[in-house]
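If you want the building blocks of each chain, they are given just below.
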Amino acid sequence: MRRFFRSSPEKAIRAVCKGRLANYLSQDAIDEVYQAFVFAEKNHRGQTRKSGEQYIHHPIEVAATLAELQMDSRTLIASLLHDVIEDTPATKEEVTEKFGADIALLVDGVSKIGQIRFDSKEQAEAENFRKMIMAMSRDVRVMIIKLADRLHNMRTLDIMRAEKQKRISKQTLEVYAPIAERLGLYHWARELQDLCFLYLYPKRHSALSKAIEQRQGNRKLVVEKLKESVSLTLNGAGLEDFKVKGRQKSVFSIYKKMKKKQRTFDELFDIYGFRIIVQSVDECYRVLGIVHNAYKPIPGRFADYIAIPKANGYQSLHTVVFGPLGDNIEVQIRTRRMDQIAEAGVAAHWVYKSDGESHDTSNHLARQWLLDLLDPAHQTENAVEFLEHLKTDLYPDEVYVFTPQGDIKKMPRGATALDFAYAVHTDVGNHCTGARINKSLATLPSVLHNGDSVEIITSKGSWPTTAWLNYAVTAKARTHIRNYLKQQTEEDALRLGKRLLAGATKQRLFGRRKIPSNVQAALLDEFGLENWSQLLVDIGLGRRLPDLVARQIAQLTEEKVEGRVIGQEALVIRGSEGLLVTYSKCCSPVPGDSIIGSFTAGHGLAVHTADCPNMSDLRKQPENFLLVDWDESIDQSFNAKLRVKLNHITGAFAEVAIAIAENGSNINHVDVHEGSESVRQMDFLVDVKNRKQLAKIIKAIYRSPTVSKVTRHKG
Ligand code: MN
């Protein structure tokens, strides 16, 4: 590849402005582009590329390439700035301030893609990687700038060491060329592929290029004549406004075809073709008829992509005919618009009107194509929505993150570190305590973003809790958490059931604890249960009332059933009963309160304060109740609700908060109730160990002169 030193960046950018930009942008827009050059040039000054050339020539070349596709002025500005955040002292804030948030986002997006490390992996990984960086682009323009950047780097790759040439070419071939293809930027894709082929397989490339050149030399005259005769034939049929372009296949595509079809070069005939570009769809079919009339078509090689467009919206008629020298000649026939889309792909939609702002959205096909590209579910006829879609993610429902080993995992959008832990392994999920996201500590509910590298921290003593279900998004994580909780609940239920039944039978059977096996069997039979554990689990879950079961046992053992049960013994609450003993939110009991237990079928025992207003109705069914008491050694925090009435507002909250904190408690939640200007009421949910501590807190709050009343709030 030839390299030359341009006289000055200034001259280079002026040439672009006066040339390509003047063709489609307003003078104002061109001035803005020039200002971006000034800023970029100032920041890159003193930097050189490996060739020795001033660095700024690289962004100028990238912008010039984009201008070929008539990209909007913002894309051009962002392309001139594409390396300033990454490689110069200029910051994102500075770019935002000077050029606006829109452009800063584009520049930042291009930088972020550049930061991802890609080590060549197997095919599936490469596909995920492509999806990840497309998803990271958010705005399609980010990807287009990145591709133009890569194209210029590939064009100037000859200066690099062979090893680097190979590495960059491999990445380009695996990642960027397929993305260019996907975006319909076939022109760029072909050039990228040919350059990659050149650096990856220099010998094969030169042999094949020579062979192509040779054949081209032989055929050149023939082809010229053919072109002429096609033109004449079309003229003769009354067609005036058309173009016939000779089209040579890329070296790489011929190589690929040889490999795929296991043919030698000489066996591959259709390396040359024509493209006929006409004004209307009608004319496409007319021209097809004319061509088939003049040259014999090869059976089975005709394809109508106008009637049935390709998935990416590509439209054209394809046919292969016998040439005069016995060669097969490919002929493509399409309209100008179709050609534009085929060549510029997604960029064809940035055909600008004179104001440089509005998108050309008139083409239904193009619009449809881009929508399909974004998400088939997002199809819409509304032009405004269409513009919105241009800025949304290419893969709106997925994020791609790295494991510490550099593997890529696909997660649904909104997935958290916890989901990731379960995606790694169930054991990792069940024991995780936190994460390192991009090397910083993060909590399990942290939402993952594209490109994050995630490491999970585990601990043997850590287990899932019900709270995890609030921030597990993936089905896998949720299922595993539920399974774990279910199993755990069963174990808890078994233990609690045993205690409850023991307590109940002790009263009913006057101290006899052992239940004869024939009684057990009879009971299981009556309940339709398989084994004794099931009965205990049922009791623990509150599905069967311990006293009723005990009464039945008493009947079966022919104990005296009737009569008052004296001295019922309370179940001692130890705080370690697990999920089956819950402390009611209505009255928020704390150790020291006198309490009662109420069975709730399937959920075990709910502990209420004895004076809880919700209990008065339920008291009518005494078998639903259980005497309970606090274990003396219970040592954990409980929620208590305090209702505080304030005279003044100013400073009051701080005083109450201090009173709570000074007594060793935390505020978990605050509700402020609307009141008159001078009287307001606040509800505090605080952490306490027992009644004594709560009393101290209440006393301390009373000391504040702004407080008129403090009550423990129940119900
Ligand atoms: Mn660059």
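Quick notes on the rules
Residues numbered from 1 in each chain as written. Predicted model: local features only at pLDDT ≥ 70, side-chain atom pairs only at ≥ 80, totals over all residues. Heavy atoms only, no water. Disulfide = S-S within 2.5 Å. Buried < 20%, exposed > 50% of the residue type's maximum accessible area, 1.4 Å probe, protein only. Donors = N, O, S within 2.8 Å, 3.2 Å for Na, K, Ca; no water. Helix = DSSP H or I, 4+ residues; strand = E, 2+ residues; numbered from the N terminus. Pairing = 2+ DSSP bridges. Axes fitted to C-alpha atoms, helices over the stretch in contact; angles between N-to-C directions. Contact = heavy atoms within 4.5 Å. Core = buried A, V, L, I, M, F, W, Y, C linked by side-chain atoms within 4.5 Å. 1 Å grid on protein atoms, 1.4 Å probe; cavity = no way out; pocket = protein on both sides within 12 Å on 5 of 7 lines; lining within 4 Å. Points joined across faces, edges and corners; volume = space filled by probe spheres on them. Nonpolar A, V, L, I, M, F, W, Y, C, P; charged D, E, K, R; others polar. Phe/Tyr/Trp six-rings, centres within 6.5 Å; stacked < 30°, edge-to-face > 60°. Lys NZ or Arg CZ within 6 Å of the ring centre and 35° of its normal. Domains from an automatic or database assignment. Salt bridge = Lys/Arg side-chain N within 4 Å of Asp/Glu carboxyl O.

**Remarks on the state of the cysteines**
On inspection of all chains with the given rule, the structure shows zero disulfides. Cys612 provides the cysteine sulfur closest to Cys587, a residue in no disulfide bond, and the two sulfurs are 3.7 Å apart. In this structure Cys587 comes out as buried when scored by relative accessible area, which is 0%.

**A few points about the coordination of the manganese ion**
Here the manganese ion is held by the protein donor atoms His58 (NE2), His82 (NE2), Asp83 (OD) and Asp149 (OD), which lie 2.2 to 2.5 Å from it. Counting the intervening residues between successive donors of the manganese ion yields the motif H-x23-H-D-x65-D. You can see His58 sitting in helix H3 (residues 57–68) and its partner Asp149 sitting in helix H9 (residues 140–155), a full 91 residues away along the chain. Both residues of the pair, His58 and Asp149, count as buried.

**So, the sheet that holds strand S19 (residues 707–712)**
Spatial strand order, S17-S18-S16-S19: four strands in an open sheet with antiparallel pairing. Looking at strand neighbours, the two that pair on one side only are strand S17 (667–673) and S19, the edges of this open sheet. Geometrically, the sheet is characterised by an average inter-axis angle of 20 degrees between neighbouring strands, direction not taken into account. In the sheet, strand S16 (residues 638–646) pairs with strand S18 (residues 680–688) via nine bridges, with the strands oriented antiparallel. Across the sheet, Val644 pairs through a bridge with Met682, a residue of S18. The strands touched by helix H26 (residues 691–702) within the sheet are S16, S18 and S19, with S19 carrying the most contacts at an inclination of about 165 degrees.

**Description of the nonpolar core**
Leu21, Leu66, Leu76, Leu81, Val95, Leu147 and Trp188 are the most contacted members of the largest nonpolar core, which totals 65 residues. The element that contributes the greatest number of residues to this core is H9, accounting for nine residues. Each residue touching Val95, except ones within four places of it in the same chain, is listed here: Phe39, Leu81, Val84, Ile85, Gly100, Ile103 and Ala104. Leu524, Leu535, Val656 and Ile660 belong to the second largest nonpolar core, which has 52 residues in total.

**Quick word on empty space enclosed by the protein**
Using the criterion set out here, one finds three cavities of 30 Å³ or more in the structure. Space inside the second largest cavity adds up to approximately 60 Å³. As for the second largest cavity, its lining consists of Leu226, Val230, Phe274, Ile276, Val291, Tyr295, Val321, Ile329 and Val331. Within the residue set of the lining of the second largest cavity, elements represented by two or more residues are helix H12 (202–236), strand S2 (272–278) and strand S5 (328–335). Residues of the lining of the second largest cavity, tallied by class, amount to nine nonpolar, no polar and no charged.

**As for the packing of aromatic side chains**
Applying the stated criterion across every chain yields a total of eleven aromatic pairs. Seen from their ring centres, Phe252 and Tyr255 are 6.4 Å apart, and the 45 degrees between their planes marks the pair as tilted. Pair noted here: Phe252 and Tyr255 are both in helix H13 (residues 251–261), with a separation of three residues, about one helical turn. Look at Phe252 and you get buried, because its relative accessible area is 9%. Members of the aromatic cluster, each reached through a chain of ring pairs, are Phe197, Tyr201, Phe252 and Tyr255. Between Arg544 and the ring centre of Phe527, over which it is positioned, the NZ or CZ distance is 4.2 Å.

**Side note on the layout of surface pockets**
Taken as a whole, the largest pocket spans an internal volume of roughly 1,500 Å³. Contributing elements (two or more residues each) for the lining of the largest pocket: helix H11 (186–200), strand S1 (243–248), H13, strand S4 (317–322), S5 and helix H15 (336–344). In terms of residue count, H11 provides more of the lining of the largest pocket than any other element does, eight residues in total. The residue makeup of the lining of the largest pocket, split by class, is 14 nonpolar, eleven polar and 19 charged. Counting contributing residues per domain, the lining of the largest pocket is built from domain 1 (9–201) and domain 2 (204–349), each supplying no fewer than three.

**Side note on the pattern of salt bridges**
Applying the stated criterion across every chain, the model contains 24 salt bridges. Between Glu68 and Arg20 there is a salt bridge whose closest N-O contact spans 3.4 Å. Here Arg20 lies in helix H1 (residues 9–24) and Glu68 lies in helix H3, a separation of 48 residues in the sequence. One salt bridge connects Asp102 with Arg141, and the closest N-O pair in it is separated by 3.9 Å. Here the residue Asp102 occupies a position in helix H7 (residues 101–115), and Arg141 occupies one in helix H9, the gap between them amounting to 39 residues. Note on Arg141: relative accessible area 6%, which makes it buried. A cluster of three or more residues bridged by salt bridges with shared partners is formed by Asp72, Arg74, Asp102 and Arg141.

**Description of the sheet that holds strand S11 (residues 571–573)**
Here we have five strands laid out as an open sheet, ordered S11-S15-S13-S14-S12, and mixed in their pairing. The two strands at the open ends of the sheet, each matched to only one other strand, are S11 and strand S12 (581–583). This sheet shows a mean twist of 40 degrees between the axes of neighbouring strands, independent of strand direction.

**Thoughts on helix H18 (residues 417–424)**
Taken across its eight residues, H18 has six buried, putting it largely inside the fold. Those residues of H18 that sit buried are Ala417, Leu418, Asp419, Phe420, Ala421 and Tyr422.

**Some thoughts on unusual backbone geometry**
Of note in the backbone geometry, Asn438 takes a positive phi value of approximately 50 degrees without being a glycine. Among the structural elements, Asn438 can be located in the loop between strand S8 (432–437) and strand S9 (440–442). For Asn438, a relative accessible area of 40% corresponds to the partly exposed category.

**A word on the pairing of strand S14 (residues 604–609)**
Counting buried positions along S14 gives six out of six residues, so the element sits mostly inside the fold. Direction of pairing for S12 relative to S14: parallel, over a ladder of three bridges. Note on S14: the bridge partner recorded for Thr582 is Ala606. The pairing of strand S13 (residues 595–600) with S14 spans six bridges and is classified as antiparallel. Paired with Ile595 across the bridge in S14 is Thr609.

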